[in-house]
Structure formats: C-alpha cells, structure tokens
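Structure assessment
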Amino acid sequence: KSFRKLPHLTNSLHHHLHTTSNVGYYHHALVRCLSTSPSKEAVDHKSLSMSETIRSLVHLRKSGTFSTLSLDGAHGAGPQVYGTPFTPYFMKEANPIFGLKNDSGHVHHLQHYVDGSLVLFPLTPKDVAPSQLGLFRVNITGEMVKIDGEEKNQAEREYFNHHPNAKLHGPFQFFKLIAKNVYHYSRGETDMISVKEYEEAEIDKVVVGSASLINRLNTEYVYALKKMCLMYGDVDVKHAVAYWVDKYGFNVMGQS
C-alpha cells in the first residue's frame, strides 16, 4: 500500500485553492487525487456521495466526540451539553454502540435525558487536530437505547473485540445510538441527509480499511504529498497531510 503499489491513484489530480482565515491558514491547497482520469487536463469529478461518505466515515472511525445532556445547569440554565472526546464505539449495522462506565457522567445523564450525539472528523496525524485544517465533520444525533440481556452479552464481546484495552476499565453499560438526524459540515456549509439515506448508503470498503494507509502516507511519503501540492495546486507548502482515502482516490491538505 504505497504510491509505487497504487500507480493508478497518481494518474491525475483535481485541485482547489482556498484563502481562508477561519482555520488560521493564509493559503492552503486541497488536492484530490482521482483514479479515473488519464491526465490532469481531463479530470473526472466522480466521488462518493455525501451519504456514502458519512456512512463510510462512521465505520472507519473507532472513537469520536460523544455528548449527552447533563442535568439543569446553575441558576436554572437548563440542560447542558456534556461531551467527551475519543469515546470508543463499534458499529452494529448503522448504529454506533458505546460501552459507558457505570460511574460515568453519561450513564448518569441518560437516566434523565435519552439524547445522544456523535461527532466525527476524518483521520489526521496525532499532532494535527482536524479542526486546524478546516476538514469536514459528521454529526449523528438521536436516541440512546440501553442494551440488556443476551444482546448486552453479545455487545460486550464485540466491544472488547474492537477495544481490548477496555477490559481494564469496566464495568460497562452498553447503549445504542439510534440516529434521528445526520449532518455533514464543511467550510461553513451544513447539509442534512435523511436517516433512510444514511442507513441505505453503501459502505466503501477502501475507506473502512484506510487507517494504516493514511498513517503511512503521513509518515513515509510526506515529501511526495508536498510535491503534489506544488505540482497540482501551485502552492509551495510547508506541511501536507493526507486525510481521506476512498475507492476513487485520496485527499491531501497543504499549509503554506
């Protein structure tokens, strides 16, 4: 899984240049590599649909920012959002399933409010926050349903299979997030897709299995990523980050 073994990914690139202040970059190049076009002059804009992108991202990630509603705030302020980053989950069909510690704030909150929210960004290197790059994010909100009985035993087995280190931090209660609203945020624009679209969207297996490739691109091929931004985005960048790989190509963000 390298550039040498994926020559079809480097046949052509489609680029966008943006000048923005909201993400703290004076100039950055967003490079989209497409495998379906033989030259950069004839670019095929084919890509995953928004629903496919969202569904695939949810299956790629293993954790995200999970939020519940706390009890009324001080001075009658009403319920407050309580969020925890890097909350582990696994997917059962279209539903994220969370293992929450018995004494966690979330478990306490869910006794009063059943609302839950999961926010996900694409993968980036550990030292690069996705919010720094202005990357798109996905937000799934809905009802948290507690899992009991034999279904709980099965959920516990699957949860520990996906997150073996969690065995050291239990005991857990398990909850399923039933989506009611699905949002896609990108560069100041908000789009909403229906739950039906989300549930029926095709999952891109390349996205789901892309974590190791993205990591390799950002460790072994940083120079090549910078070169792409110069060749196809006409920007000489100091930093370049690959953050998305799917069956049609990959995305690179560069900072000048």
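By convention here, each chain's residues receive numbers from 1 onward along its written sequence. Whole-chain, interface and lining totals are the exception, using all residues; otherwise, since this is a predicted model, local features are given only for residues with pLDDT of at least 70 and side-chain atom pairs are given and counted only at 80 or more. To get the side-chain values, take all heavy atoms of the structure and skip hydrogens and water.

Section: the overall build of the protein chain
Here a helix means four or more residues in a row that DSSP labels H or I, a strand means two or more in a row labelled E, and each is numbered from the N terminus. What the protein chain contains, in helices and strands, is eight helices and eleven strands. When burial is assessed residue by residue, the protein chain has 46% of its 256 residues classed as buried. Only heavy atoms matter for contacts: two residues are in contact if any of them lie within 4.5 Å across the pair. Within the protein chain, contacts between residues separated by at least 24 positions form 66% of all contacts whose residues are at least 6 apart in sequence. Carbon and sulfur atoms form 51% of the exposed surface of the protein chain, whose accessible area is close to 13400 Å². We call a residue buried when its accessible area falls under 20% of the maximum for its residue type, exposed when it is over 50%, and partly exposed in between, using a 1.4 Å probe and counting protein chains only. Methods summary: accessible areas were calculated by the Shrake-Rupley approach with a probe of 1.4 Å, and residue burial reflects only the protein chains presented.

A few points about helix H1 (residues 50-60)
In terms of burial, H1 is largely enclosed, as nine of its eleven residues are buried. Of the positions making up H1, those classed as buried are Ser51, Glu52, Thr53, Ile54, Arg55, Ser56, Leu57, Val58 and Leu60.

With respect to the pattern of salt bridges
Basic side-chain nitrogens of Lys or Arg form a salt bridge, by our definition, when they fall within 4 Å of a carboxyl oxygen of Asp or Glu. Summed over all chains, the structure comprises seven salt bridges. Put simply, Lys196 and Glu200 hold a salt bridge, and the shortest N to O gap is 3.1 Å. Taken together, the residues Lys196 and Glu200, both in helix H5 (residues 195-200) and four residues apart, mark about one turn of the helix. Accessibility classification places Lys196 together with Glu200 in one group, the exposed group.

Some thoughts on the nonpolar core
We define a nonpolar core as any set of buried Ala, Val, Leu, Ile, Met, Phe, Trp, Tyr and Cys residues linked to one another through side-chain atoms lying within 4.5 Å. Membership of the largest hydrophobic core comes to 49 residues, with the highest contact counts inside it found for Val58, Phe98, Ile140 and Tyr198. Setting aside its immediate chain neighbours within four residues, Val58 contacts Tyr89, Met91, Leu120, Ile140 and Tyr198. With nine residues, the next largest nonpolar core counts Phe90, Tyr159, Phe172 and Phe174 among its residues.

Side note on helix H7 (residues 211-220)
Of the positions making up H7, those classed as buried are Leu213, Ile214, Leu217 and Asn218. Down the axis of H7, the sector holding all buried residues measures 130°, keeping them to one side. With respect to the buried face of H7, the exposed residues turned more than 90 degrees away are Thr219 and Glu220. Along its buried surface, H7 packs onto helix H8 (222-233) and strand E10 (239-246). Picture the helix axis, draw a direction to every C-beta atom, and the arc is the one those directions span.

Thoughts on the environment of Tyr89
By the element assignment, Tyr89 lies in strand E4 (residues 79-92). With relative accessibility at 1%, the residue Tyr89 sits in the buried group. Counted as a polar contact is a pair of N or O atoms within 3.5 Å, where, for protein atoms, one must be capable of donating a hydrogen and the other of accepting one, and residues adjacent in sequence contribute only when both atoms are in side chains. Engagement of the side chain of Tyr89 in a polar contact is seen with the backbone oxygen of Arg61, the distance being 3.1 Å.

Some remarks on unusual backbone geometry
Omega for the bond connecting Gly170 with Pro171 falls within 30 degrees of zero, at 0°, which places this linkage in the cis form. Here Pro171 is to be found in the loop between helix H4 (149-162) and strand E8 (172-186). Of note in this structure, Phe86 is not a glycine but carries a positive phi near 55°. Within the chain, Asp234 stands out as a residue other than glycine whose phi angle is a positive 60°. Here Asp234 shows up in the loop between H8 and E10.

Quick look at the pairing of strand E7 (residues 137-147)
By the bridge criterion, six bridges tie strand E6 (residues 115-120) to E7 in an arrangement that is antiparallel. Following the sheet pairing, Leu118 is matched in E7 by Ile140. Strand pairing is assigned whenever DSSP detects at least two bridges linking the two strands. In terms of strand pairing, E7 meets E8 through eleven bridges, oriented antiparallel. By the bridge assignment for E8, Val145 is matched with Lys176.

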